[in-house]
Structure formats: structure tokens, C-alpha cells
There are 2 protein chains.
Amino acid sequence: MADKSLFEFLHMEMVAYVYKHQNGDNNNQERGSSLSTLEGMGFRVGQGLIERFTKDTPSFKDDLDVVKFLCKDLWINLFRKQIDNLRTNHQGTYVLQDNKFSLLTQFSNSKQYMEEAPKYLAYTCGMVRGALSNLGIDSVVTAEVSVMPACKFQVVIQRS
Amino acid sequence: MADKSLFEFLHMEMVAYVYKHQNGDNNNQERGSSLSTLEGMGFRVGQGLIERFTKDTPSFKDDLDVVKFLCKDLWINLFRKQIDNLRTNHQGTYVLQDNKFSLLTQFSNSKQYMEEAPKYLAYTCGMVRGALSNLGIDSVVTAEVSVMPACKFQVVIQRS
């Protein structure tokens, strides 16, 4: 419980810091660059974490198997709950829905701060992308919020 | 275990980011400012954490009682171990020794990277200072490493 808030507080500080340092003029371009900074940090962390988590895991059957691993094992380890719903079109797109996403519960359960939500999701999008990347899967990960603190992560796998 | 590394990885990313963005010239003045940025983040996090941790705790007898609480309850919650040794001169100076400090174990158990150690301690110093501050105690907190990953935090209470 406790070191969960340790991570959450640090995450909020980091978001605030990155925004403060990059958004002098607060225009859209710089906003984008803060998001991508956070996404990049998440990416590297995701790579590191997945290495630890999978070291005793037998290899995966297919992409779906990998995504299921993220939804269950990784999510429980990181956020102490599973993804609530996983959907796929079986063509490389996966939608992971978390009805009570830990990094959003801290600051809102209404629509009021919806605009702020992307800031608090970029890091996690990066983490998912980093985890997949280290398992050999290139992807694009985005997040979407309709009512806080619920949130959907969309993973689109890139075929080369 | 797992969300421990979640925090540790994020902490390392944050240290790297703060240093990258503030140390264009890498001179001593800017180095100092990165340290104080990290310390400030830790300070705010410490304030937040201690509020949570102490909400069901009866009030403290004296400063020593508070410091003991940090060494035991707070440290276990944050770093999954207690402070190994606590010393005091009974005049407001406390030395908290952690023989295996979690944020140092990740990258070294030798003398090689000693110069880098302060970067990874500033945040924690701030956290301790923030926790004490929210309990009404002004302090100066510094850290010292002689052999990694052991580390001593010195707390000097400021009487006004």
C-alpha cells in the first residue's frame, strides 16, 4: 500500500517537473514534447521491468499471449489489479481497459480534470510500449479517457 | 518486489532527466541546482507520504520518537527494511545508517561510482526533511556514503 503511494507521488512530481521545464510558452508543440519525454521515460522503464518479470516465464505463444501477460501479471505487479477488459480485432489491435487506473484515482473521479489526463497517462503508455518492445513487438500505444478514473489503452502492433 | 522496481526505475529516470536538463555546462553551480531540484521533489513527496502514514498513529512524545518512527515504520514502508542503526547526540543530531540502501544497490556495491552517489540520495534526503517538516520539525538532512550501498543520513534539527 505504502510504496504504491511512493511511486504515485514521485510520478506526479515528475509530470509536474517535466511540464514546468518544457512548457515555457505552453503552446501545443511543447506540450507534445513533454508528453513524448514522459513517454520515453516510461519506455525505458518498461524495458527494464519486463526483463525482470519474464526471467522465469516460459516463452510466449503469440502476440495475444504476450498482451494477456501484460494485462494480468504485469498490471498486478505494477498497479495491484488486473486490466478489467481486453478486446482485440485479431489483426494486431488490442484495447486494454482499466476501470480504475491507479495514476488517475489520485486526483479525480469526475470529468472536471479530463484535459489534464493525458499528462498522467503518457508514462504508462511508454511503459507498455517498452515492455512489448523488449519482447520483440513493435507497437504504438495510446490512451483514452472518457470518465475518470477509467481509461483505455490502445495497442496497435506494427508489422514490418 | 515488483512495484519496488517500478519506483526505483522511475527514480533513476528522473535523476537522469533532471541532470540532463539542468547541466548544460556541467559546472558545480548547476550540479547544485539539480541536487536541490531533486531534494525539493523529495520534500513534497515526504510531506504527502507522512500524512498518509501517520493518520492512525497516536501523537509522538518527542523528536526521538518521531525519528524512530521514520527509521522503522516509514523506512519499512518505503524501502522494505528498517534503518540498521540510529545514533544521536541527544542535542538534535541524528545519524540514520542504512547498510544496504535500496536506491544504491541497483547500480553499485563498490567504490567505483562513489562520485555519482549524491545524485541518488538527494531525493531521499528531501523526503526525510519533508516528512519531519509535516510533523512540525525543521531540519537539515544530508547523506554520506563511504562504501556502497551503505549510506548514512544525518538529520540536524533546527531550533528556532
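Residues numbered from 1 in each chain as written. Chains lettered and ligands numbered in written order. Predicted model: local features only at pLDDT ≥ 70, side-chain atom pairs only at ≥ 80, totals over all residues. Heavy atoms only, no water.

**Observations regarding the pairing of strand 2 (residues 93-98) of chain A**
Residue and element names in this part refer to chain A.
For step 1, the next point in the chain: Bridge count for strand 1 (residues 85-88) against strand 2 is four bridges, and the pairing is antiparallel. Bridged to Thr88 within strand 2 is Tyr94.
For step 2, the next point in the chain: Counted between consecutive antiparallel strands, the loop separating strand 1 from strand 2 contains four residues, among which His90 sits at a positive phi close to 60°.
For step 3, the next point in the chain: Here strand 2 runs beside strand 4 (residues 151-157); their pairing, made up of six bridges, is antiparallel. Looking across to strand 4, one finds that Thr93 is bridged to Val156. (Pairing = 2+ DSSP bridges. Helix = DSSP H or I, 4+ residues; strand = E, 2+ residues; numbered from the N terminus.)

**What to know about the relation of the copies chain B and chain A**
For step 1, the next point in the chain: In the superposition of chain B on chain A (RMSD 0.0 Å, axial shift 0.0 Å), the rotation amounts to 180°. Both copies of the chain, as the preceding transformation shows, are related through a two-fold rotation axis. Measuring from the rotation axis to each C-alpha of chain B, the shortest distance belongs to Phe7 of chain B, at 2.5 Å.
For step 2, the next point in the chain: Both copies contact each other with a shared surface, as 100% of the interface residues of chain B are interface residues in chain A too. (Least-squares fit on C-alpha atoms with pLDDT ≥ 70 in both. Contact = heavy atoms within 4.5 Å.)

**Re the environment of Val15 of chain A**
For step 1, the next point in the chain: Tracing the backbone through its elements, the reader meets Val15 of chain A in helix 1 (residues 2-22).
For step 2, the next point in the chain: Along the primary structure Val15 of chain A and Lys119 of chain A are separated by 104 residues, whereas in three dimensions their C-alpha atoms are 6.8 Å apart.

**A word on the pattern of salt bridges**
For step 1, the next point in the chain: What the rule picks out here adds up to 14 salt bridges over all chains.
For step 2, the next point in the chain: For the salt bridge of Arg159 of chain A with Asp63 of chain A, the shortest nitrogen-to-oxygen distance reads 3.0 Å. In this pair, Arg159 of chain A is assigned in the segment after strand 4 and Asp63 of chain A in helix 3 (residues 63-79), connecting sequence segments 96 residues apart.
For step 3, the next point in the chain: According to the relative accessible area criterion, Arg159 of chain A is exposed, its value standing at 60%.
For step 4, the next point in the chain: Taking the relative accessible area as the measure of exposure, Asp63 of chain A reaches 18% and is therefore buried.
For step 5, the next point in the chain: Here Lys81 of chain B ties to Asp98 of chain B by a salt bridge, and the two come within 2.7 Å at their closest N and O atoms. Of this pair, Lys81 of chain B sits in the loop between helix 3 (63-79) and strand 1 (85-88) while Asp98 of chain B sits in strand 2 (residues 93-98), and the two are 17 residues apart along the sequence.
For step 6, the next point in the chain: Several salt bridges share partner residues, and in doing so they unite Lys81, Asp84 and Asp98 of chain A into one network. (Salt bridge = Lys/Arg side-chain N within 4 Å of Asp/Glu carboxyl O. Buried < 20%, exposed > 50% of the residue type's maximum accessible area, 1.4 Å probe, protein only.)

**As for the nonpolar core**
Nonpolar side chains in soluble globular proteins tend to be buried together.
For step 1, the next point in the chain: In terms of nonpolar packing, the biggest core is built from 96 residues, with Phe101 and Leu104 of chain A together with Phe101 and Leu104 of chain B touching the most fellow members.
For step 2, the next point in the chain: Setting aside its immediate chain neighbours within four residues, Leu104 of chain A contacts Ala117, Tyr120, Leu121, Val145, Met148, Pro149, Ala150 and Cys151 of chain A. (Core = buried A, V, L, I, M, F, W, Y, C linked by side-chain atoms within 4.5 Å.)

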